[in-house]
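# Structural overview
Here are the chains, one letter per residue:
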Amino acid sequence: MSVLVFSVSHRGNAVQFSVDGTQTLGDLRQRLAQQFGVAPKQQRLLLKGEVGASPAGDSMPISSLIPANSRIVLIGTPAAELAAYLKGNERREEGRSNYEKYRATTVSQTREPMEYSEYGFLKFETLPGLVHQASALAMLRRLARDEGVRGIMRKRQYSVGVLRELHPNERTILGYNRNRGQVIALRLRTDDLEGFRDFDDVRKVLMHELAHMVWDEHDERFHKLNRELCQELDELDWTRRGQTVGGGAPSSGPRFQQSTVEEAASAHIDGGALTSKGFVLGGTAPQLPPDNDTAAGQQSRRDLAFQAFQKRKK
């Protein structure tokens, strides 16, 4: 009996094999599956081309396909990794297929009441069928219980019927306020549905939506109120005084002071307040040309946004 010795490398891990030369390539694939976790049908063996690429390849003797002392490269994804990927992809596809149920105009979902308060949020709603629902609900509750947010709700006497999770497939907006507090929805999750956005970023969007409790359009009155809310968010939160978002030294201004550029691009957050008939004025995000080297594109986005703000002030 002749013994054939060769090595197989997968993702940099090389293993030496000693096999009976009369064994078939199919037999070798079974051993490779045990060693590297790659299913036989997912294996590609490379040695000056692909080994056993013909339809009858797996039934051929190894000695006729692989010379002694060869170094073969195995290409293929381990079955455990492939199963995890397919499971995650299935969850994402399920979320996308159910997207129509969770659009801004629908009534959702998994609800939990807030402890009664005259001013605050009366109910929470998360999206069913998505992973980490407990984490989504915890973020909504954390927003409602944030000392700065609670202080603003009491001071401004704001009452919101439902604080809702916005489906990530609403890619054009980060939140909306329907009928001045009937529903406020916030985008909590990342695009892949597996993670969550930064809490302070979501809280900043909440301030934007609370400004729509008074003003529908993204005009100077709205921006003035939004700036006031962002400043009060710091002032009324005794747990964060002397801190910045990143935990460093306190800044001279409010943590969420909105710049003129942010104001000009604020329609990207929600397109304006949402009434029972849809988005009100300002519902289309400003269309700024891409930066390029042509004469028409020499002005930067920042310059164009600032000019728009200056015009609005006149």
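None of these values were measured; they are calculated from a predicted model.

### Considering the environment of Leu82
- You can see Leu82 is positioned in helix α2 (residues 79-97).
- Since its relative accessible area comes to 28%, Leu82 is described here as partly exposed.
- A sequence separation of 44 residues divides Leu82 from Val38, and the C-alpha atoms of the two residues are 9.3 Å apart.
- What Leu82 contacts, discounting residues up to four positions off in sequence, is Gln42 and Thr77.

### Side note on the packing of helix α4 (residues 147-156) against helix α5 (residues 199-211)
- Where α4 meets α5, the closest approach of the two axes is 11 Å, and the angle between their N-to-C directions is 10 degrees. Considered as vectors, α4 and α5 are oriented roughly parallel to each other. Across the interface between the two elements, Val149, Ile152 and Met153 from α4 touch Arg203, Leu206, Met207 and Leu210 from α5.
- Per-class residue counts for the contact of α4 with α5 are 6 nonpolar, no polar and 1 charged.

### A closer look at the sheet that holds strand β2 (residues 13-20)
- With mixed pairing, the 4 strands of this open sheet are ordered in space as β2-β1-β4-β3. Across the chains shown, the open sheet's two edge strands, defined by having one partner strand only, are β2 and β3 (44-46). For this sheet, the mean angle separating the axes of adjacent strands, direction not counted, is 30 degrees.
- Pairing between strand β1 (residues 3-10) and strand β4 (residues 71-75): 3 bridges, direction parallel. Bridge pairing in β4 links Val8 to Ile72.

### A short note on the packing of aromatic side chains
- Within this structure, the stated rule accounts for 1 aromatic pair.
- Ring plane angle 20 degrees and centroid distance 6.2 Å describe the contact between Phe6 and Phe17, whose orientation is recorded as stacked. In this pair, Phe6 is assigned in strand β1 and Phe17 in strand β2, connecting sequence segments 11 residues apart.
- The exposure class of Phe6 is buried, given its relative accessible area of 2%.
- Judged by relative accessible area, which is 3%, Phe17 ranks as buried.
- Sitting above the plane of the Phe199 ring, Arg142 keeps its charged end 3.6 Å from the centroid.

### Here we look at helix α6 (residues 220-235)
- Here α6 spans 23 Å end to end across 16 residues, near enough to the 22 Å set by a 1.5 Å rise per residue.
- Considered for burial, the residues of α6 that qualify are Phe222, His223, Leu225, Asn226, Leu229, Cys230, Glu232, Leu233 and Asp234.

How each quantity is defined
Residues numbered from 1 in each chain as written. Predicted model: local features only at pLDDT ≥ 70, side-chain atom pairs only at ≥ 80, totals over all residues. Heavy atoms only, no water. Helix = DSSP H or I, 4+ residues; strand = E, 2+ residues; numbered from the N terminus. Buried < 20%, exposed > 50% of the residue type's maximum accessible area, 1.4 Å probe, protein only. Contact = heavy atoms within 4.5 Å. Axes fitted to C-alpha atoms, helices over the stretch in contact; angles between N-to-C directions. Parallel < 35°, antiparallel > 145°, perpendicular 65-115°, else oblique. Nonpolar A, V, L, I, M, F, W, Y, C, P; charged D, E, K, R; others polar. Pairing = 2+ DSSP bridges. Phe/Tyr/Trp six-rings, centres within 6.5 Å; stacked < 30°, edge-to-face > 60°. Lys NZ or Arg CZ within 6 Å of the ring centre and 35° of its normal. Expected span 1.5 Å × (residues − 1).

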